[in-house]
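Commentary on secondary and tertiary structure
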Amino acid sequence: MDKTALTTGYTFEFEDGSTCQMCLSFIRLKRLASKNKSLYERHQKVMMNGSKDELDTLTVLYAAYVCANMDSDDLMTEDEFLEKCGSDRVIVNEALGALTDPKKRQASADHSN
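Just so you know, these numbers come straight off a predicted model, no measurement behind them.

The rules behind the values
Residues numbered from 1 in each chain as written. Predicted model: local features only at pLDDT ≥ 70, side-chain atom pairs only at ≥ 80, totals over all residues. Heavy atoms only, no water. Core = buried A, V, L, I, M, F, W, Y, C linked by side-chain atoms within 4.5 Å. Buried < 20%, exposed > 50% of the residue type's maximum accessible area, 1.4 Å probe, protein only. Helix = DSSP H or I, 4+ residues; strand = E, 2+ residues; numbered from the N terminus. Contact = heavy atoms within 4.5 Å. Phe/Tyr/Trp six-rings, centres within 6.5 Å; stacked < 30°, edge-to-face > 60°. Lys NZ or Arg CZ within 6 Å of the ring centre and 35° of its normal. Pairing = 2+ DSSP bridges. Salt bridge = Lys/Arg side-chain N within 4 Å of Asp/Glu carboxyl O.

Here the focus is the nonpolar core. Core analysis: the largest hydrophobic core is formed by 26 residues, its most contacted members being F12, M22, L32, L61, Y65 and F81. Mapped by element, the contributors of at least two residues to this core are β2 (19–23), α2 (26–35), α3 (37–49), α4 (54–69), α5 (78–85) and α6 (89–100). Ranked by the residues each element gives to this core, the list is headed by α4, at nine residues. Aside from chain neighbours lying at most four places away, what touches L61 is F12, M22, F81, V92, A95, L96 and L99.

Dropping the structure here:
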C-alpha cells in the first residue's frame with residue numbers, strides 16, 4: 001500500500017474482529033476506474049446520486065477496500081467482503097462517514113472533547 005492510502009485511509013473492523021484498510025483518495029479512485037471500471041461506476045453512482053438501498057453503502061465500502069488494497073494478490077471478492085461485514089449497520093455507517101467526510105467527523109469528535 002502506498003503512502004497515500006495510509007494517510008487518507010480508514011481501518012475497518014469486520015464482524016469477526018479482523019481488520020482491513022480502506023481508502024477513497026482521488027488517486028486511488030482514478031486507479032480503480034482503470035482497473036475495475038464496473039465497481040468504480042457503481043461507487044460513483046452512489047456518491048453522486050445517493051443510496052437507494054442498504055447495499056449501496058456497502059458498495060462504497062467495498063470500493064474503498066479495493067482502492068486501499070488493489071496491489072494485493074489476495075483481494076476479497078465482493079461477496080466475501082459482504083459476508084465478513086456481517087450486519088452491524090452502525091459500524092458500516094461510521095466507516096462510510098469517516099471515508100466520505102473525514103473533516104466533518106474529526107470536527108465533531110474535537111467538539112465533543
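Considering all chains together, one arrives at six aromatic pairs under this definition. Both rings, one in F14 and one in F81, keep their centres 5.6 Å apart while their planes meet at 80°; by these two values the pair is edge-to-face. In this pair, F14 sits in the loop between β1 (9–13) and β2 while F81 sits in helix α5, placing the two residues 67 residues apart along the sequence. Residue classification places F14 among the buried positions, given a relative accessible area of 3%. These aromatic residues form a ring-pair network of at least three members: F12, F14, Y62, Y65 and F81. Sitting over the face of the ring of F14, K84 holds its NZ or CZ atom 5.0 Å from the ring centroid.

What follows covers the pairing of β1. Note that β1 and β2 share five bridges and pair antiparallel. In the strand pairing of β2, G9 is matched with C23. The loop that links β1 with its antiparallel partner β2 comprises five residues; one of these, G17, has a positive phi angle of about 95°.

Turning our eyes to something else, we now look at the pattern of salt bridges. For the structure shown, the criterion picks out seven salt bridges. Of the charged contacts, one joins D71 and K35 as a salt bridge, the two residues approaching to 3.9 Å between their closest N and O atoms. Within this pair, whereas D71 is found in the loop between α4 and α5, its partner K35 is found in helix α2, the two being separated by 36 residues in sequence. Of the residues examined, K35 reaches a relative accessible area of 51% and is grouped as exposed. One salt bridge in this structure joins K37 and E41, with 3.9 Å as the shortest N-O distance. Residue K37 and its partner E41 are both found in helix α3; the two are separated by four residues, about one turn of the helix. Residue class for K37 comes out exposed when judged on its relative accessible area of 55%. A relative accessible area of 45% places E41 in the partly exposed class. Each of the salt bridges in this network shares a partner with another, and the network as a whole consists of R28, R31, K35 and D71.

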